Structure formats: C-alpha cells, structure tokens
Amino acid sequence: MPERPVSEIRTVACIGAGVIGAGWAAYFLARGLRVRAWDPAPDAEDKLRRVIDAAWPALTELGLADGADPHAIALFPTAAEAVSGSGFVQESAPEDLDLKRALLAELADAAAAAGPDVVVASSTSGYPMTDMATDATDPSRLVVGHPFNPPYLIPLVEVVGGEQTAAWATARAAAFYRHIGKSVIEMDQELPGFIANRLQEAIWREALHMVAAGEATPEEIDRSITDGPGLRWPVHGPCLTFHLAGGEGGMAHMLDHFGPSLQSPWTRLEAPELTRELRDDMVAGAEVSAGGRPMAELVAERDRAVIAVRRAVQEARAAGAGHS
Ligand SMILES: NC(=O)c1ccc[n+]([C@@H]2O[C@H](COP(=O)([O-])OP(=O)(O)OC[C@H]3O[C@@H](n4cnc5c(N)ncnc54)[C@H](O)[C@@H]3O)[C@@H](O)[C@H]2O)c1
C-alpha cells in the first residue's frame, strides 16, 4: 500500500472534543497542523475554544511550530465531513464500549474514503482495540493512541493495534506521533489498561485500600508521592530509581538486598515470584535504561533534576496562588 510520509499529514480530524479531544486539538494546532473537529454537544465549539485558549500560553512557552495558528480549526456537522480531507483521525469520544464500536466502524469507512493511508487512533483509556473494532467492516486501520491528560503537555502516547489491525497502521500512528514530538510506546500486544494506566491503577487501588482501612488519609497519600517518589519519577522511572537505590551495586544489589521484602505484606497486589530469570531481566533492563552512564552521573542527574522540578513546582504553585 503506497504510504505518504507522515510529514505530509497537514490536517487531523478530532472526533469528540471534550477534555481529551480538545487537548489533542490544541496540541495538533501548536505543531502547525490544521484541525477538523466534530462533537455532537451543542456547546462543543465554545468548550473547544476555551480549552485551546487556555492551553495556548503553555504551548507557546514550550515552543510553537512554524505557522502554528490557534484558529486553524473548524467544526463540522458530521464525523464523516470532519474526516474527509484529513490525513489522520484522533477519536476521543466517551469511554462507552457500544458507542466506540459504532463510531469506530463509521470512522474506519470515512478514513478509507479520505485516503488509503489514513489511520484512526482511539484515545480510549483501556479498551483493547479488538473489543472496540467488532462493528467495523474493515478494522485494519483502527489503532489505540492513548494519551495522558492534558495531551498538549504530557508527551506519552501508548500505541497498540487489535487482532485485525494492519501492521502498517500501528507503525504509521507511532511514526506520526513521534513526528509531532510525542514520546511513543509501541506495544506489541493488547493489555487492558496498557502500561502506564496499569501502573497508575496499582497505586490507585492500594491508595483506596489504605483510605478504606483507615490507614492513611488522601492528603497523606498525595504528599507521600509529591514529596516522595513523585519527585524522582519525572527523571527516572520506577526501575531506574531502584537501580540507584542499590548504590554502586545497582539493580543487582537492590534485588538481592530487598528481594525478600517482596514476600512482606507491603501491598495487596500479589508480587510475582522473583525467579532468577526475572532478576536477570531487571538487571539487564536497568543497564539499558542507564545507557552505560556510571552511577555517579545518574545520581548527579537525578539530584539536579529533582531540585529543578521542586523549584518549578513551587514557583508554579506560588504563581497560581497569586492569581486566585
Ligand atoms: N480524561 C482523561 O484523563 C483521559 C485520559 C486519557 C484518555 N481518555 C479517553 O479519552 C476519551 C474521551 O474522554 P474525555 O475525558 O475527553 O471525555 P469528555 O466527556 O470530556 O469528552 C467526550 C466528548 O465526546 C463527545 N461525544 C459524545 N458522544 C459522542 C459521539 N457519539 N461521538 C463523538 N463524540 C461524542 C461529548 O460531547 C464530549 O465533548 C475516552 O475514551 C477516555 O477514556 C481520557
């Protein structure tokens, strides 16, 4: 199938323009793209405009692409009209399986009419595409492109196809997102909740357990993250963080030292058995994440970045308090 380079995608259709759809629209506009939107709500246009206006100062601060124009957006009376003339489709309708099934079937047809290489990406928070694509005559161009709120500031997008998604469509969605500056994880298997939501959910469920059992207040839980591990996570993810927790011995020492704690009742989630294979995979993964950099360099990087993040958060809070 002849594919145009993703750099030739100049117009994106945003189907559903609520919190996420409008956030996507703002990001696409900031990357210099045009947006064709559809949303059945009577006040959709006003809400969309408000989100874009509110996002634009932050997007300007981050740097706009040449030609970026917050007004390069139009709303259309039907989804098909919005998709027509678009090179990529981002669906952000409500998280309702029946609704997604019907809508994605319609969008697949409209995208095929718009061009042979037009992909439809769903912002779904957790439905596998195999479950959402059941009504589509041709589901080959349907993929998940899961963002984080707000999509104009958080770089991560998780991309994964369903059983009937064509490999070209998943690759094209990932390439397009990368081209516009997103950090893409291209998953090779469907996993409910993808990767990041599963991790968020693990913390969330444990937090709810602790509140329900009277063990911690929501404030304590929030502060335990924002004044604790949350300060390291913008710099190093949970695996590299624990690599540093092992000191000079890195992940290997950390696992050998704290491995037995996995049997302690520190969480309601059942821990996996720490097999030799899992241990070795984690050690090797930490080395990949470290990119060959020595521990002292990683520690210095973490410390510099944590201080910078703390200052930035404090400044942002003080500025916000001044405005309220
Ligand atoms: N809110 C989040 O933090 C978040 C994060 C990542 C992904 N998502 C996903 O993004 C999608 C949208 O969520 P949201 O938070 O923007 O919801 P939202 O309620 O803010 O927006 C949904 C929009 O869809 C419109 N809509 C209603 N019926 C529609 C239809 N048949 N076709 C098209 N649009 C329709 C509504 O009018 C509304 O403007 C969901 O799949 C959700 O799981 C949400």
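**Student:** Sorry if this is basic, but what is going on with the overall build of the protein here?
**Tutor:** Scanning the protein from terminus to terminus reveals 12 helices and eight strands. Taking 2.2 N^0.38 as the reference for a compact globule, 324 residues should give roughly 20 Å; the C-alpha atoms of the protein span a radius of gyration of 22 Å, in line with that estimate. Referenced to the eigenvectors of the C-alpha coordinate spread, the extents of the protein come out at roughly 60 × 50 × 45 Å. A burial count over the protein gives 40% of its 324 residues as buried. Sequence separation of 24 or more characterises 70% of the internal contacts of the protein that already satisfy a separation of 6 or more. When the accessible surface of the protein is split by element, carbon and sulfur atoms take 56% of a total near 17200 Å². Counting 27 positive and 45 negative side-chain charges, the protein places the averaged centre of each group 5 Å from the other.

**Student:** Sorry if this is basic, but what is going on with the layout of surface pockets here?
**Tutor:** The method is simple in principle: a probe with the dimensions of a water molecule rolls over the atoms, and the space it marks as empty is what remains. Empty space within the second largest pocket amounts to approximately 350 Å³. Lining the second largest pocket we find 24 residues, and of these S92, A93, P94, E95 and K100 sit closest to its centre. When residues of the lining of the second largest pocket are traced back to their parent elements, those giving at least two are α4 (97-114) and α7 (196-212). When grouped by side-chain class, the residues that make up the lining of the second largest pocket number 11 nonpolar, 10 polar and three charged.

**Student:** Looking at this model, I keep getting lost on the nonpolar core. Mind explaining?
**Tutor:** In a soluble, globular protein the nonpolar side chains are often hidden away together inside. F28, V35, L48, L59, F88, F176 and Y177 are the most contacted members of the largest nonpolar core, which totals 36 residues. Those elements giving two or more residues to this core turn out to be β1 (11-15), α1 (19-30), β2 (34-38), α2 (44-62), β5 (119-122), β7 (156-161) and α6 (167-179). Ranked by residue count, the leading element in this core is α1, at eight residues. Filtering out sequence-adjacent residues up to four positions away, L59 remains in contact with A26, Y27, A30, L64 and Y152.

**Student:** Honestly, α7 in this entry has me stumped. Any pointers?
**Tutor:** Side chains three or four residues apart in an α-helix point the same way, a direct result of the helix having 3.6 residues per turn. Given a rise of 1.5 Å per residue, 17 residues ought to cover 24 Å, and the 24 Å separating the end C-alpha atoms of α7 matches this to within 8%. Taken together, the buried positions of α7 are occupied by A196, N197, E206 and A207. On its buried side, α7 packs onto β6 (142-146), β7 and α8 (218-226). Remark: G214 follows α7 within two positions and exhibits a positive phi of approximately 70°.

**Student:** When you look at the packing of helix α9 (residues 238-245) against helix α11 (residues 276-290) in this model, what are you seeing that I'm missing?
**Tutor:** Helices that pack against each other are described as a pair by the angle of their axes relative to one another and the distance between those axes. Between α9 and α11, the shortest axis-to-axis distance is 9 Å and the interhelical angle comes to 100°. The angle between α9 and α11 falls in the class roughly perpendicular. Of the residues in α11, those in contact with C239, L240 and H243 of α9 are M282, A286, E287, S289 and A290.

**Student:** Could you clarify how one ought to interpret the site of the ligand in this entry?
**Tutor:** Around the ligand, 22 residues are found, and the nearest of them are I20, D39, E95, K100 and S125. A distance of 2.8 Å separates an oxygen atom of the ligand from a polar atom in the backbone of I20. Between the ligand and E95 there is a distance of 2.6 Å, counted from an oxygen atom to a side-chain nitrogen or oxygen. Relative to its free-state accessible area of 830 Å², the ligand is covered by the protein chains to the extent of 74%. Taking a 2 Å distance to the grid points as the criterion, the majority of the atoms of the ligand fall inside the second largest pocket. Those elements that place two or more of their residues in the shell around the ligand are α1 and α4. Ranked by the residues each element gives to the shell around the ligand, the list is headed by α4, at three residues. In the shell around the ligand, the residues fall into 11 nonpolar, eight polar and three charged.

**Student:** Sorry if this is basic, but what is going on with the pairing of β5 here?
**Tutor:** Remark: a regular strand shows side chains that alternate across the two faces of the sheet. Residues of β5 alternate between two faces, with V119 and A121 on one and V120 and S122 on the opposite face, all of them buried. As paired elements, strand β4 (residues 88-91) and β5 share four bridges and run parallel to each other. Residue pairing across strands places E91 opposite S122, the latter belonging to β5. In the classification by handedness, the crossover that spans β4, the intervening α4 and the parallel β5 is right-handed. Where β5 meets β6, three bridges bridge the pair, whose relative direction is parallel. Along β6, the bridge assignment pairs V120 with L142.

Cut-off values and rules
Residues numbered from 1 in each chain as written. Predicted model: local features only at pLDDT ≥ 70, side-chain atom pairs only at ≥ 80, totals over all residues. Heavy atoms only, no water. Helix = DSSP H or I, 4+ residues; strand = E, 2+ residues; numbered from the N terminus. Rg over C-alpha atoms; globule rule 2.2 N^0.38 Å. Buried < 20%, exposed > 50% of the residue type's maximum accessible area, 1.4 Å probe, protein only. Contact = heavy atoms within 4.5 Å. Areas by Shrake-Rupley, 256 points an atom, 1.4 Å probe, with all protein chains shown as cover. Lys, Arg positive; Asp, Glu negative; His and termini not counted. Charge placed at Lys NZ, Arg CZ, Asp CG, Glu CD. 1 Å grid on protein atoms, 1.4 Å probe; cavity = no way out; pocket = protein on both sides within 12 Å on 5 of 7 lines; lining within 4 Å. Points joined across faces, edges and corners; volume = space filled by probe spheres on them. Nonpolar A, V, L, I, M, F, W, Y, C, P; charged D, E, K, R; others polar. Core = buried A, V, L, I, M, F, W, Y, C linked by side-chain atoms within 4.5 Å. Expected span 1.5 Å × (residues − 1). Axes fitted to C-alpha atoms, helices over the stretch in contact; angles between N-to-C directions. Parallel < 35°, antiparallel > 145°, perpendicular 65-115°, else oblique. Near = heavy atom within 4 Å. Polar contact = N/O pair within 3.5 Å; in protein donor to acceptor, adjacent residues only side chain to side chain. Sits in = over half its atoms within 2 Å of the grid points. Pairing = 2+ DSSP bridges. Right-handed = clockwise from strand over helix to strand, strands pointing away.

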